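Coordinates in review
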Amino acid sequence: MYTAPNIVLPQIKDLHQLKVYLANGGYEAYKTAIRSTADQVIDDVKKSGLRGRGGACFPTGLKWSFMPKGTDKPKYLAINGDESEPGSFKDRLIFEANPHQLIEGCLIAGYAMGISKVFIYIRGEYHAWVDMMQKALDDAYEAGLVGEGMKRTFNHDYSVEIVVHKGAGAYICGEETSLMNSLEGDRAYPRYKPPFPANKGLWGMPTTINNVETIATVPAIIAMGAEKYAAIGAPGHSGTILYGVSGHVNKPGVYELPTGTLLTEIIENVCGGVPGGKKIKAIIPGGSSMPPLRGDEIEGVKMDEESLKVLGTHIGTAGIMVMDEDTDIVAVTLRIARFYHHESCGQCTPCREGTGWMEKVLHRLDHHEATSSDIDLLYSVASNIEGNTVCALGEAAAWPVKGFIEKFRSEFEARCKPSRSFVSLNVVHGRRKSSDTLIETS
Amino acid sequence: MTHSFSTEELSEITKLKSQYPDAKAAIMPVLWMAQKKWEWLSEDVLRTVATVMELPYAHVLGVASFYTMYYKKPMGRHHVQVCTNVSCMLRGGAELYADVKGKLGVGHNQTTADGKYSLEEVECMGACGGAPMIAINEQFFENVNSAKVMTLIDACE
Ligand SMILES: Cc1cc2nc3c(=O)[nH]c(=O)nc-3n(C[C@H](O)[C@H](O)[C@H](O)COP(=O)(O)O)c2cc1C
Ligand code: SF4
Ligand code: FES
C-alpha cells in the first residue's frame, strides 16, 4: 500500500472544526501567500503543476493568469461543487471533513487573482453538506478570517467575501458557463465560448471557475512549497488525487493517492479487489463520461492524465467505476445514455435529439429488437453529436457510447436479432435498407 | 395571492439579495425558502416569489421548471429517492427501485393516495461509494439493501 501524503484529506480527527484546523497549521498558508506578491502566488501554482480536478484537467496557474490585471472591475471566483457526474463523490468529503482548507484555498486564490467575491456552488441534493460548508464559513467569518475582518486578522488590506449557493438538481450546472447562468438567477443554459469567463463571466465581469478539490489543494501547495508538490505523483500531472472508487470492489470509497498510481494497485490493494475474486470486464477511469477500458487492458495503467490520454481516455473526475465479468455492458451503456439524455438542456439540436436517439437505439439493443446496422447507426449518431454542440455535455454523452462499442462490439452484436425480418418498404427512407427499423419507431 | 412571506422572512430575503451583485441571483435561495415553507411551488407560490423578487412570473416559472428539486406538484410527506445510475445499478440499484415501487404501489414521480410517500427514481446523488443508496427527504442512506430500505420506509411517521 502506498504511504501517500494526505494533503487534501489529512487523517486528523475533527479537522472540520475551526479550532482543530487552526491547531494544525490552518490559515498559515494564507499568511505565507500574502507575504509574496499576487503574481508570485500564481507563479507558484503554475510551478506546482496543479491541474483542475473538475474533469478537464486544465493547468490551474495558467487559468488564473488569464484573469485581467489592473482593472477596477469586480472579479469573481466560482467554486464548482456541483459534483453530479455519475461515479464522482469526492468533493462531498471535502465539505464534510476539511471545509476550512477549501475556504483557505478561496482566500489564496482570491488574493492571487484580486477576487472580490467567491461563490461556492453546491449541488442541491447535498443538503447536509451545504449546511456543513455554511457552518464552517460562518465560523470563519466570526473568527475574522473571511470578509472585512480578515484585514485586521492578517494585517493586510486584501479582503474577500464568500457566499455558499445551493443548486436544485440539474447536472448541467456543473458545466462552468451553465453554472454562471444558474448563479445569476436564469435558466441554466450553457453559454457560447468565447467570450471566456476570464474576460466576461459572472455578471459580465472577469471570472474564474475552479473545482472544489482544485482549490482545496492550493493551501497545501503554498504550505509545502511548489517544488515539493510538483515532485509528488506523475510528471505532467503532479500531486495527489481523490480517487472515488465504486462498483464491483470490496472496499469502495474515496482514497487520496498520488497521481500516476497503478490502476491495479488501487483496485486490488487499496480497494480489496473484486468481490468473489471475479475478473474485471471493464472500468471507467474518471466518471461516466470518460471512455472505458477493457479489463484486459488495465495491467500497468497509471492513473494520471498523460498516461490515460495515450489509451484514448481521460482522468476526468477520477471516479473509477469497476465492472466485473458478469456485467451487462449494453445495459450499462443504456443507463449512461439515459442519464445524458435526461440531463441535456435541450439548447442544441445534435445534443437534444442525438442523446434521445442514442437512448432509443440502445433500448432496442437491450431488448433484442435491434439489427446489427443499428450498432453503426448508434456510433454515427454519437459521432455527429461530438464537436457540434455549445457545451461539452455533447462529448460527455458521445464518448462512453463510442467507447463501449469500440471495446465491446461483440456484446452489442450478441444483442441483435439473429436474422432480419423483412418490414414493408418505407418510401420516405427509400435509401435505407427497408428492413432497418426506423429510429422513431421503437 | 393567498401565500405571503412573514416580515422576518422578507428581511431574510432582503439579506439574500444583498449577497449578490444583482438581486435576481437570490431567486434560487428564495425558491428554496418558499418550498420549505409551503412544501411545493404552486402557481400562487411562484407568483408570491415573483412579487418579492420583482421579476416577471414567467421568469420565476422558467427557473423553477429548470430544476428537478423544485417541486411543481405536491409530494408525499416522505419523498423516497432511489438511485439507479451506474454505480448503484452495479450493486443492485435497479432491483431495489423495483422493490420500493412494489411496496409503495406507485411509480416514478408519483405519490401514494394517502399523501404519505412519493417515489422518485433519481440520477446519481454523489454517493456512489455507498451504493446502492436511497434518500428520504434530505437524508442519505448508503450501503442499503431491500430489507433495510423496507424497514426505513416503515419507520417513517
Ligand atoms: C456537462 C459538464 C458537467 C460538469 N460538471 C462538473 C462538476 O460537477 N464539477 C466540476 O468541478 N466541474 C464540472 N465540469 C467541468 C467544468 O466545466 C469546469 O471545467 C471545471 O469546474 C473547472 O475547474 P478545474 O479547472 O478546477 O477543474 C463539467 C463540465 C461539463 C461539460
Ligand atoms: S451540448 Fe447539450 S447540454 Fe450542452 S448546451 Fe447543448 S443541448 Fe445543452
Ligand atoms: S450512482 Fe448512485 S449515487 Fe452515484
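Computed from a predicted model, the values in this text were never measured in an experiment. (Residues numbered from 1 in each chain as written. Chains lettered and ligands numbered in written order. Predicted model: local features only at pLDDT ≥ 70, side-chain atom pairs only at ≥ 80, totals over all residues.)

**Some points on the overall build of chain B**
Within chain B, the regular secondary structure consists of 7 helices and 5 strands. Projecting the C-alpha coordinates of chain B onto the three principal axes gives extents of approximately 50 × 35 × 25 Å. Relative to its full complement of 157 residues, chain B shows a buried share of 40%. Looking at chain B alone, contacts between residues at least 24 apart form 53% of all its contacts between residues at least 6 apart. (Helix = DSSP H or I, 4+ residues; strand = E, 2+ residues; numbered from the N terminus. Buried ≥ 20, exposed ≤ 12 C-beta atoms within 10 Å, placed from the backbone. Contact = placed C-beta atoms within 7 Å.)

**Some thoughts on the site of ligand 1**
Residues and elements named next belong to chain A. Ligand 1 sits among 24 residues. The nearest are Gly 52, Gly 54, Gly 174, Asn 211 and Thr 214. When contributions to the shell around ligand 1 are tallied by element, the ones reaching two or more residues are β4 (207-211) and α17 (393-413). The leading source of residues in the shell around ligand 1 is β4, at 3 residues. Considering only residue class, the shell around ligand 1 consists of 8 nonpolar, 9 polar and 7 charged. Mapping the shell around ligand 1 onto the domain boundaries places at least three of its residues in each of domain 1 (18-231) and domain 3 (329-413). (Near = placed C-beta within 6 Å. Nonpolar A, V, L, I, M, F, W, Y, C, P; charged D, E, K, R; others polar. Domains from an automatic or database assignment.)

**Digging into the domain arrangement of chain A**
All names here are of chain A. For chain A, the domain assignment lists domain 1 (18-231), domain 2 (241-324) and domain 3 (329-413). The C-alpha centroid of domain 3 is placed 34 Å from the C-alpha centroid of domain 1. At the interface, 9 residues of domain 1 touch 8 residues of domain 3. Here the side of domain 1 that touches domain 3 is composed, by residue class, of 6 nonpolar, 2 polar and 1 charged.

**Examining the sheet that holds strand β3 (residues 161-166) of chain A**
Residue and element names in this part refer to chain A. The 4 strands are arranged β3-β2-β1-β4 in an open sheet whose pairing can be described as parallel. Each edge of the open sheet is held by one strand with a lone partner, namely β3 and β4. Neighbour-to-neighbour, the strand axes of the sheet open up by a mean angle of 20°, direction not taken into account. Strand direction decides the pairing type here: strand β1 (residues 76-81) and strand β2 (residues 117-122), joined by 6 bridges, are parallel. Bridging across to β2, Leu 77 finds its partner in Val 118. Packed on one face of the sheet, helix α9 (residues 176-184) meets β1, β2, β3 and β4 and runs near 110° to β1. The strands touched by helix α10 (residues 212-224) are β1 and β4; relative to β4, the strand with the most contacts, the crossing angle is about 90°. (Pairing = 2+ DSSP bridges. Axes fitted to C-alpha atoms, helices over the stretch in contact; angles between N-to-C directions.)

**Observations regarding the packing of helix α14 (residues 329-343) of chain A against α17(A)**
Residues and elements named next belong to chain A. In the contact formed by α14 and α17, the axes pass within 10 Å of each other and the chain directions differ by 165°. One finds that α14 runs roughly antiparallel with respect to α17. Seen along the crossing, α14 lies across α17 with a hand that is left-handed. Between α14, through Ile 329, Val 330, Thr 333, Ile 336, Ala 337, Tyr 340 and Glu 343, and α17, the contact on the second element is made entirely by Leu 393, Ala 396, Ala 397, Pro 400, Val 401, Phe 404, Phe 408, Glu 411 and Phe 412. The class makeup of the residues in the contact of α14 with α17 is 13 nonpolar, 1 polar and 2 charged. (Parallel < 35°, antiparallel > 145°, perpendicular 65-115°, else oblique. Left-handed = near helix turned anticlockwise from the far one by under 90°.)

**Looking at the interface of chain A and chain B**
Between chain A and chain B, the contact holds 46 residues from the first and 30 residues from the second. Counting only elements with at least two residues in the side of chain A that touches chain B, the list comes to α7 (127-142), β3, α9, β7 (240-247), β8 (253-258), β13 (319-324) and α14 of chain A. Broken down by element, the side of chain A that touches chain B gets its largest block of residues, 5 residues, from α14(A). Taken together, the residues of the side of chain A that touches chain B sort by class into 20 nonpolar, 17 polar and 9 charged.

**Some remarks on helix α12 (residues 263-270) of chain A**
All names here are of chain A. Of all the positions in α12, only Leu 263, Ile 266 and Ile 267 are classed as buried. Within α12, the buried residues cover an arc of 90° as seen down the axis, which keeps them to one side. Here the buried face of α12 lies against β7, β8, β9 (261-262), β12 (302-303) and β13. Of the residues flanking the end of α12, it is Gly 272, one or two places downstream, whose phi is positive at about 70°. (Arc of directions from axis to C-beta.)

**Here's the deal with the pairing of strand β3 (residues 117-122) of chain B**
All names here are of chain B. By the criterion of burial, β3 is predominantly enclosed, with 5 of the 6 residues buried. Where strand β2 (residues 110-111) and β3 come together, 2 bridges link them in antiparallel fashion. The partner of Thr 111 across the bridge, within β3, is Ser 118. The loop that links β2 with its antiparallel partner β3 comprises 5 residues; one of these, Gly 115, has a positive phi angle of about 75°.

**Some thoughts on the site of ligand 2**
Residues and elements named next belong to chain A. The full set close to ligand 2 counts 14 residues, and Cys 345, Cys 348, Cys 351, Thr 389 and Cys 391 are the nearest of them. Within the residue set of the shell around ligand 2, elements represented by two or more residues are α15 (349-366) and α17. Its residues placed into classes, the shell around ligand 2 shows 8 nonpolar, 5 polar and 1 charged.

**What to know about unusual backbone geometry**
The linkage connecting A:Pro194 with the following residue, A:Pro195, adopts the cis geometry, with an omega of 0°. Of note, A:Pro195 is situated in the loop between α9 and β4. The phi dihedral of A:Glu83 falls on the positive side, at around 30°, and the residue is not glycine. Mapped onto the fold, A:Glu83 is located in the loop between β1 and α5 (91-97). C-beta crowding within 10 Å serves as the criterion here: with 31 such atoms nearby, A:Glu83 is assigned to the buried category. Phi is positive for B:Asn143, which is not a glycine, with a value near 50°. Positionally, B:Asn143 belongs in the loop between β5 (139-141) and α7 (146-154).

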